[in-house]
Amino acid sequence: MGMWNGDELDLDAYLTRIGLGRGAGELRPDLRTLYEVQRAHTAAIPFESLDVLLGRPVRLELKALEDKLVHGRRGGYCYEQNSLLAAALERIGFEVTGRGARNRTRGDAVTPVTHAALVVTVDGEPWLCDAGFGYQGPREPVPLGRPGSEVRQGPWTFAVREEELGVLVLSIRRGDAWRDLYAFSPQRYLPVDYVVLNHYSSSHPRSSFIGKTLVQLPGDEVRTTLVDRELMRLYPDGRTEREPVGPDGLVGLLDREFGLRLPERDAAELVRIHRSED
């Protein structure tokens, strides 16, 4: 059994969920497949932490992830997204290891390691593969063997630079400025480590996910994020557009902007929470 329990995954159902109609037997553990799977995953499965807002446990067992993100057509946050992606890549035959990262999008504050990312090795070369950083994250693998080089992904540009002690920093260009996204060390993280980080992120009072509506999607031409009652669209030139979202339009917006259709009970509870804030 692999580290990520990939042999237990219904790979055909996963590929159908992310819009890849090819049979699992046609996939090879090569760079083309890695690009194809990550792009399809990030397009189809939105980043969202609504279970945390609803006070429900976030489970990382593969069966629970498959039930929620694949069969239930929900989204998830980094531990869920990348644990599922790791299982799929492992099942295809890739070498996949975990990393833990510090979010750097919140100014100069030093944050704890709370982000889960993946490193996939193809033909001896390591690639950052991350489907769980929301609307600012990469849609495609980013090479880690060439720190300092810029990587174009459609109209978006990413780069990885190296700091002291082997720490790597992923950044995105927004207009004429570079913005750090997160930093991670060479230390390998195991699935059990994500269980600990998930507990903090889903229950600690200081977690940025507590009490917050957060749904995101990294589109090709525009990247979209819903934070509580504000929808923001980010464009490659650095422009942002913002619009308010009221309780009555919330459920329709989740479907329209993110392809997210909640079960009736969850949708009603989410609207109730938003109305209680009036």
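Keep in mind the model is a prediction, meaning the values are calculated, not measured.

Engineer: Even after reading the chapter, I still don't get the overall build of the protein, so can you show me in this structure?
Structural biologist: Tallying secondary structure elements over the protein gives eight helices and 13 strands in all. For the protein, the spread of C-alpha atoms along the principal axes amounts to about 55 × 45 × 35 Å. Burial statistics for the protein: of 278 residues in total, 53% are counted as buried. A separation threshold of at least 6 residues defines the contact pool for the protein, and within that pool the share at least 24 residues apart is 58%. By element, 48% of the accessible surface of the protein is carried by carbon and sulfur atoms, the whole surface being about 12600 Å².

Engineer: Mind showing me how you'd approach the packing of aromatic side chains here?
Structural biologist: Each aromatic ring pair is summarised here by two numbers: the centre-to-centre distance and the angle between the ring planes. Overall, the coordinates contain nine aromatic pairs when judged by the stated rule. Seen in terms of ring centroids, Tyr-79 and Tyr-194 are 6.2 Å apart; in terms of plane orientation they differ by 45°. Their pairing is tilted. Here Tyr-194 lies in helix α6 (residues 191-203) and Tyr-79 lies in helix α5 (residues 78-92), a separation of 115 residues in the sequence. Just as Tyr-79 is buried, Tyr-194 falls in that class too. For the ring pair Phe-133 and Tyr-182, a centre distance of 4.9 Å and an interplane angle of 65° mean the geometry is edge-to-face. Remark: Tyr-182 occurs in strand β9 (residues 177-184) and Phe-133 occurs in the loop between β4 (125-129) and β5 (142-143); sequence separation between them is 49 residues. For the pair formed by Phe-133 and Tyr-182, the shared burial category is buried. Across the ring face of Tyr-235, the terminal group of Arg-239 is positioned such that the distance to the ring centre comes to 4.3 Å.

Engineer: Before we go on, may I ask you to explain the pairing of strand β2 (residues 95-103) in this structure?
Structural biologist: For a regular strand, the rule is simple: side chains alternate between the two faces of the sheet. Burial within β2 is extensive, with seven of its nine residues counted as buried. Pairing geometry for β2 and strand β3 (residues 113-122), over eight bridges, is antiparallel. Looking at the pairing, Ala-101 lines up with His-115 of β3.

Engineer: Mind showing me how you'd approach the environment of Phe-133 here?
Structural biologist: Assessed through its relative accessible area of 12%, Phe-133 is described here as buried. Between the C-alpha atoms of Phe-133 and Gly-72, which are 61 residues apart in sequence, the distance is 21 Å. Once residues within four sequence positions are removed from consideration, Phe-133 is found in contact with Phe-47, Asn-103, Thr-105, His-115, Leu-181, Tyr-182 and Gln-216.

Engineer: Would you explain the sheet that holds strand β1 (residues 47-48) in this entry?
Structural biologist: Across the sheet, five strands lie side by side as β1-β10-β11-β12-β13; this open sheet has antiparallel pairing. Strands with a single pairing partner mark the edges of an open sheet, and in this sheet they are β1 and β13 (240-244). Relative to strand β10 (residues 214-218), β1 runs antiparallel, the two being bridged by two bridges. Along β10, the bridge assignment pairs Phe-47 with Gln-216.

Engineer: Honestly, the side chain of Gln-136 in this entry has me stumped. Any pointers?
Structural biologist: Looking at the element boundaries, Gln-136 is found in the loop between β4 and β5. Among the polar contacts listed, one links the side chain of Gln-136 to the side chain of Arg-174, at a separation of 3.3 Å. In this view, Gln-136 contacts Thr-105, Phe-158, Ile-172, Arg-174, Leu-181, Arg-223 and Leu-234; residues no more than four positions away in its chain are not counted.

Thresholds, definitions, all that
Residues numbered from 1 in each chain as written. Predicted model: local features only at pLDDT ≥ 70, side-chain atom pairs only at ≥ 80, totals over all residues. Heavy atoms only, no water. Helix = DSSP H or I, 4+ residues; strand = E, 2+ residues; numbered from the N terminus. Buried < 20%, exposed > 50% of the residue type's maximum accessible area, 1.4 Å probe, protein only. Contact = heavy atoms within 4.5 Å. Areas by Shrake-Rupley, 256 points an atom, 1.4 Å probe, with all protein chains shown as cover. Phe/Tyr/Trp six-rings, centres within 6.5 Å; stacked < 30°, edge-to-face > 60°. Lys NZ or Arg CZ within 6 Å of the ring centre and 35° of its normal. Pairing = 2+ DSSP bridges. Polar contact = N/O pair within 3.5 Å; in protein donor to acceptor, adjacent residues only side chain to side chain.

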